[in-house]
Amino acid sequence: LGFWKSLPALVDILTQRLGIICAQDLRLGKQGLQSARGKLSSLCPDYHVVITTYSKQEWVEGKRKRYAYALMTLLHKGLYSNVGSSPISQPKTKREKDLVGGKVLAVRATCKHLKKEINVLNVYQHTGDKPAAQKVVLDHAHSFLHAESRRGKDWVATGDFNAALRDQRWDYADLSRFRTTDLQLQQWERDSGGKAVPFESPTWWSKTHACNATLDHIFSNGLGDTAKMVTRNSWDPRHDHAILYLFGNTSFLPGRPAKTRTVCPPSRPNIKKFVARQPLWDDLKDAIMSSHLQPSIYELDPSAFQDHCYHTCEYLVEASITISGRTEHANRRPPYRTKEMTGWIKEARILEAAKREGYSLLKQGGEYRLGTKRALHMMGYDQWLDGIPDLKRWVETVRTRLK
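Residues numbered from 1 in each chain as written. Predicted model: local features only at pLDDT ≥ 70, side-chain atom pairs only at ≥ 80, totals over all residues. Heavy atoms only, no water.

(A) Expanded view of helix α9 (residues 339–364). Its 26 residues place the ends of α9 38 Å apart at the C-alpha level, agreeing with the 38 Å of an ideal helix rising 1.5 Å per residue. Of all the positions in α9, only I350, L351, A353, A354, E357, G358 and L361 are classed as buried. Looking at the buried residues of α9, the elements they touch are α10 (370–378) and α11 (391–402). Of the residues trailing α9, G365 is marked for its positive phi of about 75 degrees. (Helix = DSSP H or I, 4+ residues; strand = E, 2+ residues; numbered from the N terminus. Expected span 1.5 Å × (residues − 1). Buried < 20%, exposed > 50% of the residue type's maximum accessible area, 1.4 Å probe, protein only. Contact = heavy atoms within 4.5 Å.)

Right, dumping it as structure tokens:
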């Protein structure tokens, strides 16, 4: 679902005051990193935030689209210090870069209680039936973990591996598609020197719940035998992977951090706006009471009750946006950037493209490209779409407008 659509579920996890939190497949590009960091800093000021992202072109439903892979690791400031990303082996080819980018994130930190350095590896392998792509990701993860083990450092590797260990797939009609990837993960566990935290329940299920498997794992070197893993389904039914929790008295998990109190300045209510929108709220409240409480929630089975809670929550979010008079897009825009600035940036990008294409037309000739056509329309020269009478004058006009 990505970062913004999964934000309510992420906030629910943050309120539990966990020491380390790892998230995968956030679908955040470089342009959205700053707004995402600002949102996290306001929601969870007690956490160190480390994010990596990588975008590439992919074929989706017969169309070429840009897909952004992103991983995020959060460490509580009350437990860990000197937090920073650790370099992994650099991909040698463009293909390796496309396969590894945004799928492996190594973070190094110091545990305050034990004065000990730890390493957290966050992994996302997005395909379960492509052994070659999986091997590239696992090899880069192995090179980092092997180096840390030689240094005598403890580490933990977790994430969505999209592969199962021995006897961790259930009710599959055909297991041959995943046999190679499963065997590669089992071999990777033996070669890395780590040990998987034992768990016998599925962490993924198909849309029809016809089959399920344990595709999310936690591997460690130095956790000991006291660690245990439990899962909990997300309250959002659109998430098909469970949330993993790791417990144990180890250097990675020295205990829950102390509660901190965030002091927020009191906001002055806008009485005039509230009174003006009171009838609208009354109408929305009546609509909720009439359409969302039928049938009685006491007559619903657990899965239907979960769907009912999700749709009611979604309806309330839309109602609150309507009442506040703001849109979701406006909330995402960085606070320092106004709508006028966004328009100027868009206009400058069009003019930059038109200037480059203008120089190319002067040297080589050819047909007008999209940047030139957009600039002509934006500047009111629609009559020149079929042919620009003076290319040199046009380029000078674009340069002047851009300045």
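There's more to say after this.
(B) View of the nonpolar core. Core analysis: the biggest nonpolar cluster contains 23 residues, and L121, L145, A157, F161, L185, W188 and F219 have the highest contact counts within it. At the level of secondary structure, the elements contributing two or more residues to this core comprise α3 (94–100), β5 (104–111), β6 (116–124), α4 (131–150), β7 (154–160) and α5 (179–192). Considering every element that reaches this core, the biggest residue donor is α4, with seven residues. Not counting the four nearest positions on each side in its chain, A157 is found in contact with L121, L145, W188, H217, I218 and F219. Counting residues in hydrophobic clusters, the runner-up holds 22 residues, among them L14, A23, Y47 and L74. (Core = buried A, V, L, I, M, F, W, Y, C linked by side-chain atoms within 4.5 Å.)

(C) Main features of the sheet that holds strand β11 (residues 212–213). Strands sit in the order β8-β11-β10 across an open sheet of three strands; the sheet is antiparallel. Both edges of this open sheet fall to β8 (169–170) and β10 (204–205), since each of them pairs with a single strand only. Bridge analysis of β10 against β11 gives two bridges, and the strand direction is antiparallel. The residue of β11 that forms the bridge with W204 is A213. (Pairing = 2+ DSSP bridges.)

(D) Quick look at the sheet that holds β7. Strand order in the open sheet formed by six strands is β4-β5-β6-β7-β12-β9, with mixed pairing between adjacent strands. Only two strands of the sheet have a single neighbouring strand rather than two, namely β4 (80–86) and β9 (195–196). Pairing geometry for β9 and strand β12 (residues 216–221), over two bridges, is antiparallel. The residue bridging K195 from the neighbouring strand is S220, located in β12.

(E) Seen up close, the pairing of β5. Among the eight residues in β5, seven count as buried, and that is most of the element. Here β4 runs beside β5; their pairing, made up of five bridges, is antiparallel. Considered in β5, the bridge of S86 is made with A106. In this structure, β5 lies alongside β6, joined through eight bridges in antiparallel fashion.

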